[in-house]
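# Commentary on secondary and tertiary structure
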Amino acid sequence: MRMDARAFGIAAGLTAAVLFIICATAVAIAPGSTTSVAGFLIHMDLSGMSRSISWGSFAGGLIVWSVGTGLTFGLAGWLYNRFAGQPQ
């Protein structure tokens with residue numbers, strides 16, 4: 001079964017964009033709490049790090065994460081199709 005690598009990449013990129021917007025909104029509303037939760041998730045003390053979001057950093061991060069994720073998952077879909085088509 002072949003995967004539509006382009007659609008998979010676009011879906012992943014859009015998902016990353018939505019998650020980035022949710023995360024950036026959380027940081028803008030409650031930077032201290034968001035930093036604490038992130039620290040718990042990665043088992044590190046992030047309390048010394050400052051979080052600031054400008055419109056430029058928001059736009060840049062949104063573009064980089066969305067495009068990067070889309071390209072990564074598009075490549076994964078392409079590789080899947082290449083390997084799935086090969087008899088073992």
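Structural data are supplied above this passage.
Residues numbered from 1 in each chain as written. Predicted model: local features only at pLDDT ≥ 70, side-chain atom pairs only at ≥ 80, totals over all residues. Heavy atoms only, no water.

Here we take up the overall build of the chain. A count of helices and strands for the chain gives three helices and zero strands. Starting at the N terminus, the α and β elements of the chain follow one another as α-α-α. The principal-axis extents of the C-alpha atoms in the chain amount to approximately 55 × 30 × 15 Å. Here the chain, with 88 residues, has 24% of them falling under the buried criterion. For the chain, the share of sequence-separated contacts (at least 6 apart) that also reach a separation of at least 24 residues comes to 81%. Carbon together with sulfur atoms contributes 71% to the accessible area of the chain, which is approximately 6700 Å² in total. (Helix = DSSP H or I, 4+ residues; strand = E, 2+ residues; numbered from the N terminus. Buried < 20%, exposed > 50% of the residue type's maximum accessible area, 1.4 Å probe, protein only. Contact = heavy atoms within 4.5 Å. Areas by Shrake-Rupley, 256 points an atom, 1.4 Å probe, with all protein chains shown as cover.)

Among the structural elements, Val18 can be located in helix 1 (residues 5-29). Residue Val18 is classed as partly exposed on the basis of its relative accessible area of 48%. Expressed as a C-alpha distance, the spacing of Val18 and Ser66, which sit 48 residues apart in the sequence, is 8.9 Å.

Right, let's get into a nonpolar patch on the surface. Together, Val37, Leu41, Ile42 and Met44 make up an exposed nonpolar region whose accessible area comes to about 420 Å². Here Ile42 lies in helix 2 (residues 31-42). (Patch = residues over 30% accessible without salt bridge, like charges linked within 9 Å, V, L, I, M, F, W, Y side chains within 5 Å. Salt bridge = Lys/Arg side-chain N within 4 Å of Asp/Glu carboxyl O.)

Turning to unusual backbone geometry, a few remarks are in order. A negative phi angle is the norm for most residues apart from glycine, just as the trans form is the norm for most peptide bonds. One non-glycine residue with positive phi stands out, namely His43, at about 60°. You can see His43 is positioned in the loop between helix 2 and helix 3 (55-84).

Tallied over the full model, the rule gives three aromatic pairs. Ring centres 5.9 Å apart and planes at 40° place the aromatic pair Phe20 and Phe58 in the tilted group. Of this pair, Phe20 sits in helix 1 while Phe58 sits in helix 3, placing them 38 residues apart in sequence. The exposure class assigned to Phe20 is buried, which follows from its relative accessible area of 19%. Through a chain of ring-to-ring contacts, three or more aromatic side chains come together here, namely Phe20, Trp55 and Phe58. (Phe/Tyr/Trp six-rings, centres within 6.5 Å; stacked < 30°, edge-to-face > 60°.)

Moving on, we come to the environment of Ser57. Turning to its location among the elements, Ser57 is positioned in helix 3. Here Ser54 takes part through its backbone nitrogen, which lies 2.9 Å from a polar atom of the side chain of Ser57. (Polar contact = N/O pair within 3.5 Å; in protein donor to acceptor, adjacent residues only side chain to side chain.)

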